Amino acid sequence: MKEYSITVVKTNNPNILKFETNHILVQRKNYEFKNIDDAKNSPLAQQLFHLPFIKTVYISGDFIGLERYDIVQWEDVKDEVAQQLVEYLNAGEPIVIEEDMDKPVPVTVYAEVTPNPSTMKFVVSKKIVASAFEFKNIDEARDSKLAMELFQFPFVKQVFIDENYVSVSKYEVAEWDDINIELREVIRNFIADGKEIVADNAKAIGAEAQVSETISAESTIALDETSQEIVDILEEYVKPAVASDGGNIMFQSYDVESKTVNVILQGACSGCPSSTFTLKNGIETMLKNMMGDKVNEVVALNG
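None of the values given here were measured: they were computed from a predicted structure.

1. Section: the sheet that holds strand E14 (residues 297-302)
The three strands are arranged E12-E13-E14 in an open sheet whose pairing can be described as mixed. Pairing within the sheet leaves two strands with one partner each, and these edge strands are strand E12 (247-255) and E14. For this sheet, the mean inter-axis angle between neighbouring strands, taken without regard to orientation, is 25°. As paired elements, E12 and strand E13 (residues 260-267) share eight bridges and run antiparallel to each other. By the bridge assignment, Phe251 is partnered in E13 with Val263. Across the sheet, helix H5 (residues 225-244) is in contact with E12 and E13; its angle to E12 comes to roughly 165°.

Set out below in structure tokens:
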């Protein structure tokens, strides 16, 4: 059974709060419920409407959005609501009763080149996973049917799956012009058939670096102040740019004495010829500028 955790995220609208989950909640579409009658196909939304301050319920991908009436402030109730959601989800109760599950899901996939010539990024028109997963061989891919299917091709070296894309790294035996279309169709058809991308028991990468406001059944080990500051900078300034190239960067450790930051490069960034240059002239410079003498060097390891 899936073990859910909730991360509370503010939005531009002070009346609306997002409760992000570590698993995909619904596959088909986004849902908006204005009242308890409107929520007849969502047992979760119906339960939420028993809270007198809930005005609107949004359920989409990996989050639940809640709009409140002015009778309360989110600061007074958000923790209690988050805990109720965790308990509901971990009890295995239904979220939305989605109809027409046998019909293909409308989805498009397009290929995008990355700075790494051996890796191609296949971007999907919808969110497919809530966390990032990396599979370096077919044995590691046993928890992902999509990755298993891709490893049936002898030229596939690694598979990296993140929110709305799949990065595929190849061996030199094949050229992208010859395999690009075939891989894109395999990925598109797999997702359109509504198949499970990654199994519930698959281990996501970088789970230890999640933000501290996560509410879950188990407490997480807090990072020291400097390490947390580094994680925050990587999350806000570096990860979005790296993800756009089909890769991921993960904080590993910080050595106080040597002031060395160790990070792990994954996906298209792993083994990329330009990764070291980008790291030294981009990430390291950024951390030094933003953190002063707390950072002396950044060392990258290929995931």
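2. Let's talk about the side chain of Thr226
Locating Thr226 in the fold gives a position in helix H5. Judged by its relative accessible area of 15%, Thr226 is buried. Once residues lying within four places of it in the same chain are set aside, the contact partners of Thr226 are Tyr254, Met291 and Lys294.

3. Section: helix H4 (residues 176-192)
With 17 residues, H4 should reach 24 Å at 1.5 Å per residue; the first-to-last C-alpha distance of 23 Å fits that figure. Taken together, the buried positions of H4 are occupied by Trp176, Ile179, Leu183, Val186, Ile187, Phe190, Ile191 and Ala192. Packing partners of the buried residues in H4 comprise strand E6 (109-113), strand E7 (119-124), helix H3 (145-150), strand E9 (156-162) and strand E10 (165-170). Positioned one or two residues after H4, Gly194 has a phi angle of 75°, which is positive.

4. Observations regarding a negative patch on the surface
On the surface, a cluster of negative charge is contributed by Glu172, Glu175, Asp177 and Asp178. Inspection of the secondary structure puts Glu175 in the loop between E10 and H4. You can call Glu175 partly exposed: its relative accessible area is 49%.

5. A look at the environment of Leu301
When you line up the elements, Leu301 lands in strand E14. Since its relative accessible area comes to 38%, Leu301 is described here as partly exposed. Setting aside chain neighbours within four positions, we find Leu301 in contact with Gln252, Val263, Ile264 and Leu265.

6. Overview of the nonpolar core
Membership of the largest hydrophobic core comes to 33 residues, with the highest contact counts inside it found for Leu150, Ile161, Val166, Leu183 and Ile197. Counting only elements with at least two residues in this core, the list comes to E7, strand E8 (133-135), H3, E9, E10 and H4. Excluding residues within four positions of it along the chain, Ile161 makes contact with Ile128, Val129, Ser131, Ala132, Phe133, Phe135, Ser144, Leu146, Val166, Ile197 and Val198. In this structure, Tyr4, Ala39, Val81 and Tyr88 belong to the second largest nonpolar core, which totals 32 residues.

Conventions adopted
Residues numbered from 1 in each chain as written. Predicted model: local features only at pLDDT ≥ 70, side-chain atom pairs only at ≥ 80, totals over all residues. Heavy atoms only, no water. Pairing = 2+ DSSP bridges. Helix = DSSP H or I, 4+ residues; strand = E, 2+ residues; numbered from the N terminus. Axes fitted to C-alpha atoms, helices over the stretch in contact; angles between N-to-C directions. Contact = heavy atoms within 4.5 Å. Buried < 20%, exposed > 50% of the residue type's maximum accessible area, 1.4 Å probe, protein only. Expected span 1.5 Å × (residues − 1). Patch = residues over 30% accessible without salt bridge, like charges linked within 9 Å, V, L, I, M, F, W, Y side chains within 5 Å. Areas by Shrake-Rupley, 256 points an atom, 1.4 Å probe, with all protein chains shown as cover. Salt bridge = Lys/Arg side-chain N within 4 Å of Asp/Glu carboxyl O. Lys, Arg positive; Asp, Glu negative; His and termini not counted. Charge placed at Lys NZ, Arg CZ, Asp CG, Glu CD. Core = buried A, V, L, I, M, F, W, Y, C linked by side-chain atoms within 4.5 Å.

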